[in-house]
Amino acid sequence: MRSSIILPAAALIPSAAANFHDLAVAAGKLYFGSATDNGELSDEPYVAILSNTSEYGQITPGNGQKWQYTEPTRGQFDYTSGDEIVDFATTNGQNIFRCHTLVWHSQLPDWVSSGSWTAAELTEIIQTHIANVAGHYAGQCYSWDVVNEALDEDGTMRKSVFSEVMGTDFLGVAFKAAAEADPDAKLYYNDYNLEWAGDKSQAVIDTIIPAIQDAGARIDGVGCQAHLQVGNTPPRADLASTLQSYIAAGVTEVAYTELDIRFPSLPPDDAGLAQQGDDYAAVVGACLDVEACVGVTVWDITDKYSWIPDVFPGEGAALLYDEDLAKKPAWTSVSSVLAAAATAAL
Ligand code: XIL
């Protein structure tokens with residue numbers, strides 16, 4: 001309900017200093033956030049931008065909570081890297097964590113991926129991993145990406161030690177264990193190329209969500225990673241209707257969890273940078289258009305620390321600040337689309 005107290009508009013409109021996170025909150029979202037990583041936290045100019053809670057109210061550890069770091073050897077748990085990010089953000093007052101990730105075929109230690117397990121053994125391994133890691137962070141995570149990237153592009157289950165030994169059963173096992181370890185965390189399935197309607201998004205609806213629910217487990221959200229390409233990003237309305245399709249399939253919320261929009265070749269020209277701004281505005285706009293979309297997380301803030309050039313050679317310049325920490329046109333586009341929604345929400 002709106003307050004009946006009449007305030008001058010200037011008191012309500014987010015101030016000029018208000019930024020992504022403040023504007024997103026004013027527009028009814030929970031957060032605008034970023035991933036970050038341990039090695040970056042000694043870069044003072046970078047940290048000064050990232051620590052601005054008005055711009056980033058939510059943090060995702062880019063690596064530190066992955067299996068490779070948290071249980072490198074069976075039964076030996078190490079939270080050093082994840083804790084460093086959580087402590088850094090908590091000190092800044094950035095208390096919304098998207099915790100990432102519990103069960104993933106990648107950055108998985110050899111002892112898990114090359115074991116020859118029975119289904120019962122692998123079930124126990126997943127349960128023990130999640131009980132410990134999600135247990136360690138219990139109460140601190142807004143959400144957990146419980147299972148990451150379990151699908152292939154054609155909508156079949158990706159081949160991994162988990163699917164080969166357990167079929168789809170590992171999904172229910174993982175979500176049940178996460179709910180037990182951290183009952184208050186929102187539990188997400190997270191994947192890439194889920195931003196538009198296709199075989200993969202349909203498999204989330206037809207396979208992933210039912211497999212979890214039929215096992216008697218709870219899934220709260222679908223995370224669309226949103227690793228997109230400039231000029232090849234779907235229109236805002238299509239992005240929004242795909243988000244909506246997950247809600248219709250039985251989850252209560254959705255989010256863009258790892259947003260970056262890369263150039264297929266470098267360096268970008270001015271027209272390309274403008275297009276990148278439009279593409280970012282489409283994605284952020286789609287989240288604004290869907291009530292159940294809780295927020296947007298960029299996969300770090302600057303091209304200096306983007307993962308893209310390592311994995312897609314020759315591509316990059318995917319983030320909102322350039323390598324020298326200067327704001328790109330996309331920064332202004334995101335700020336504008338959020339400010340428009342914040343003002344409209346008054
Ligand atoms: C990436 C990190 O950013 C890199 O530092 C790391 O070397 C590889 O993983 N999907 C995910 C993220 O869910 O965890 C990935 O992060 C990017 C793709």
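See above for the structure.
### Topic: the packing of helix α9 (residues 169–181) against helix α10 (residues 199–214)
In contact at an axis separation of 8 Å, α9 and α10 are set at 55 degrees when each is read in the N-to-C sense. One element, α9, and the other, α10, form an angle in the oblique class. Considering only the axes of α9 and α10, their crossing is right-handed. The residues of α10 that touch α9, namely those facing L171, G172 and F175, are I208, A211 and I212. Residues that form the contact of α9 with α10 fall into these classes: five nonpolar, one polar and no charged.

### Regarding empty space enclosed by the protein
This structure, assessed with the given rule, holds three cavities of 30 Å³ or more. Quantified by volume, the largest cavity comes out at close to 60 Å³. At the level of elements, β3 (96–104) and β4 (143–148) are the ones that each hand at least two residues to the lining of the largest cavity. Its residues assigned to classes, the lining of the largest cavity shows six nonpolar, three polar and two charged. Volume-wise, the second largest cavity comes out at about 40 Å³.

### Some thoughts on the environment of Y137
Mapping Y137 onto the fold places it in the loop between α7 (119–136) and β4. Separated by 55 residues in the primary sequence, Y137 and G82 have C-alpha atoms spaced 9.3 Å apart. When neighbours within four sequence positions are excluded, Y137 is seen to be in contact with Q65, Y79, G82, D83, V86, W144 and D182. There is a polar contact of 2.9 Å between the side chain of Y137 and the side chain of D83.

The rules behind the values
Residues numbered from 1 in each chain as written. Predicted model: local features only at pLDDT ≥ 70, side-chain atom pairs only at ≥ 80, totals over all residues. Heavy atoms only, no water. Axes fitted to C-alpha atoms, helices over the stretch in contact; angles between N-to-C directions. Helix = DSSP H or I, 4+ residues; strand = E, 2+ residues; numbered from the N terminus. Parallel < 35°, antiparallel > 145°, perpendicular 65-115°, else oblique. Left-handed = near helix turned anticlockwise from the far one by under 90°. Contact = heavy atoms within 4.5 Å. Nonpolar A, V, L, I, M, F, W, Y, C, P; charged D, E, K, R; others polar. 1 Å grid on protein atoms, 1.4 Å probe; cavity = no way out; pocket = protein on both sides within 12 Å on 5 of 7 lines; lining within 4 Å. Points joined across faces, edges and corners; volume = space filled by probe spheres on them. Polar contact = N/O pair within 3.5 Å; in protein donor to acceptor, adjacent residues only side chain to side chain.

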